[in-house]
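# A structural walkthrough
The chain contents come next:
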Amino acid sequence: MKKILLLIQFLLFASLSAQNTDHKIYPSNVEVVNPIRKKTFNNEGQCKERIQGGNPQMINGYQIFNGSMDGDRQVDPQIAIGGGYVLHGTNNGLIIYDKKGKYIQGVSQNCFNNGIDPKLFFDIHNKVFVFDLWWYYDKAKTKPVNVSVSESDDPTAAWNTYPISRTEEVDGGGIGYSKKWIGYSYPGGEENTFVLRMNEAKAGKPATIYHFKGSLGHPVFMQDAIDDLYFFSIEKGDFVIQKVTEDIEGKPYAVVVSRKPHQLNHMGYPPQSPQKGTDQKVSSGDRNPKNVVFQSGHIWFSQAVNVDNRSAVQWHQINAKTGDIVQTGIIGNVDTNYIQTTIAVNKKQDVLIGFQEANENSFISPRFAFRKKKDKPGAIREIVSVGEGKGAADGVAWGDYSGSIIDGDNLTDLWTIQSIANEVGKGETVIVKVPFKK
């Protein structure tokens, strides 16, 4: 009898779990937004030119060049690679280089309806660049999220910007994509996620924006060629995967894919990191991922966590269907802090993890590590230095995040951009190409 009761309880739990994952969440609000079109990146020369970076060189065997050099402490550096170009963004503006680090064009944010907290990607399926700028200080107080989409893989050519009003947003959000969708999630208000169709945005048509109540999680870079857009979040002790898909009438809805306890020992927020010659500590980043990648049926992300009262980098590969962890690795050291991390994964499941280092005997300095698919699970190869910081930052906020991304042209090379502290503790940037064999 006891066994029968246990079996009934198990079946009931399984039934409730299935109902939970099958529950469809439809948009709470739908609107149509018209784009602001520019024939060229610099609006046919009307935008003031911003010249930054370049200076390609080899450091420790890797091609490196400078990005923005005029940042404050909150640099927010990002890159996207495709069409033979590197598109780079920070809180001060946007710049285009070729892949060897030659400067092509640069503009400030006001050329794209203004904003801060840029996030960038190159859509490898539709061959376009996309970035967002959240504008908190607009006079109309609509706080638009300006989602800008190029019309081709040439970022110097035409762009369309969609100003999506988010009056209750309190900070910049995260962006992701699939073959069909662009997705954005953010803090503030009741509706924390929206999606729009990529084909409308690429064509410069009025775009239908679908808003969802609550947050679906961080939108994922969907490198596998599928229509559904996945979202990932850490909720207490669980890893939660959701996705936006369509019903038979073509209406988008969200559904939970999996919710699994992660059972990891190191999931606490990282402590602030010390610097040389000062009591001023700096932010180490966030245990919540700043970019998430869907590659080969798996979700990949890195995070900054507390390991023995130091900031360490922890990274994961998760089965996207079941939510089970395939492998986890930690990059940490009792004598230093690894901070502000992001991850990139190529089509062969080689991995690049970008981050910075700071401790009592050094200033904030850019680093990366990589692994190949054949390497032992959870293992990385040596940590590579691509510069040494020269001065101490004068406040807690530092960088806010970094950027790591796949090469959208060959889908094998991986790139990262990291901040580096200059002589007066302000943020400059270095862009690094890490080549892999096809």
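First, a word on what this report is: a plain description of the structure on this page. Computed from a prediction, not measured in an experiment: that's the story for all the values here. (Residues numbered from 1 in each chain as written. Predicted model: local features only at pLDDT ≥ 70, side-chain atom pairs only at ≥ 80, totals over all residues. Heavy atoms only, no water.)

### Observations regarding the overall build of the protein
When you go through the protein residue by residue, the secondary structure sums to 2 helices and 34 strands. Against the compact-globule benchmark of 22 Å for 438 residues, the protein has a radius of gyration of 21 Å, which places it among compact chains. In terms of overall dimensions, the protein has a C-alpha envelope of 75 × 55 × 45 Å along the principal axes. Per-residue burial for the protein yields a buried fraction of 58% across its 438 residues. Long-range contacts, defined as pairs at least 24 residues apart, comprise 57% of the intrachain contacts of the protein with a sequence gap of at least 6. Here the protein displays about 17800 Å² of accessible surface, and carbon together with sulfur accounts for 50% of that area. Where the 49 positive side-chain charges of the protein centre and where its 47 negative ones centre are 5 Å apart. (Helix = DSSP H or I, 4+ residues; strand = E, 2+ residues; numbered from the N terminus. Rg over C-alpha atoms; globule rule 2.2 N^0.38 Å. Buried < 20%, exposed > 50% of the residue type's maximum accessible area, 1.4 Å probe, protein only. Contact = heavy atoms within 4.5 Å. Areas by Shrake-Rupley, 256 points an atom, 1.4 Å probe, with all protein chains shown as cover. Lys, Arg positive; Asp, Glu negative; His and termini not counted. Charge placed at Lys NZ, Arg CZ, Asp CG, Glu CD.)

### Thoughts on unusual backbone geometry
In the Ramachandran plot, Asp117 falls in the positive-phi region, its phi being about 55° despite a non-glycine side chain. The buried category is assigned to Asp117, whose relative accessible area is 8%. The backbone phi angle of Lys236 is positive, close to 55°, even though this residue is not glycine. Summarising the element assignment, Lys236 is placed in the loop between β19 (229-235) and β20 (238-246). Looking at Lys236, the relative accessible area reads 77%, which means it is exposed.

### Structural notes on the nonpolar core
Phe112, Val130, Ile182, Phe194 and Phe368 are the most contacted members of the largest nonpolar core, which totals 64 residues. Ranked by size, the runner-up nonpolar core spans 23 residues in total, among them Val195, Tyr230, Ile299 and Phe301. (Core = buried A, V, L, I, M, F, W, Y, C linked by side-chain atoms within 4.5 Å.)

### A short note on the pairing of strand β12 (residues 159-165)
The buried fraction of β12 is high, at 5 of 7 residues. Relative to β12, strand β2 (residues 36-38) runs antiparallel, the two being bridged by 3 bridges. What sits directly across from Arg37, in β12, is Asn160. (Pairing = 2+ DSSP bridges.)

### Thoughts on the pairing of strand β21 (residues 252-261)
Across 9 bridges, the pairing between β20 and β21 is antiparallel. Paired with Val244 across the strands is Ala254, a residue of β21. From the end of β20 to the start of β21, which pair antiparallel, there are 5 residues, and Gly250 there has a positive phi angle of about 85°.

### Description of the pattern of salt bridges
Pairing between side chains of opposite charge can happen when the charged atoms of each approach one another. The tally for this structure, following the rule as stated, stands at 22 salt bridges. In this structure, Glu191 engages Arg166 in a salt bridge whose closest nitrogen and oxygen atoms are separated by 3.6 Å. Of this pair, Glu191 sits in strand β15 (residues 191-197) while Arg166 sits in the loop between β12 and β13 (174-177), and the two are 25 residues apart along the sequence. For Arg166, a relative accessible area of 12% puts it in the buried group. Across the salt bridge formed by Arg259 and Glu235, the nearest N and O atoms sit 2.9 Å from each other. You can see Arg259 sitting in strand β21 and its partner Glu235 sitting in strand β19, a full 24 residues away along the chain. Taken together, the salt bridges that share partners define one network made up of Asp72, Arg73, Asp394 and Lys426. (Salt bridge = Lys/Arg side-chain N within 4 Å of Asp/Glu carboxyl O.)

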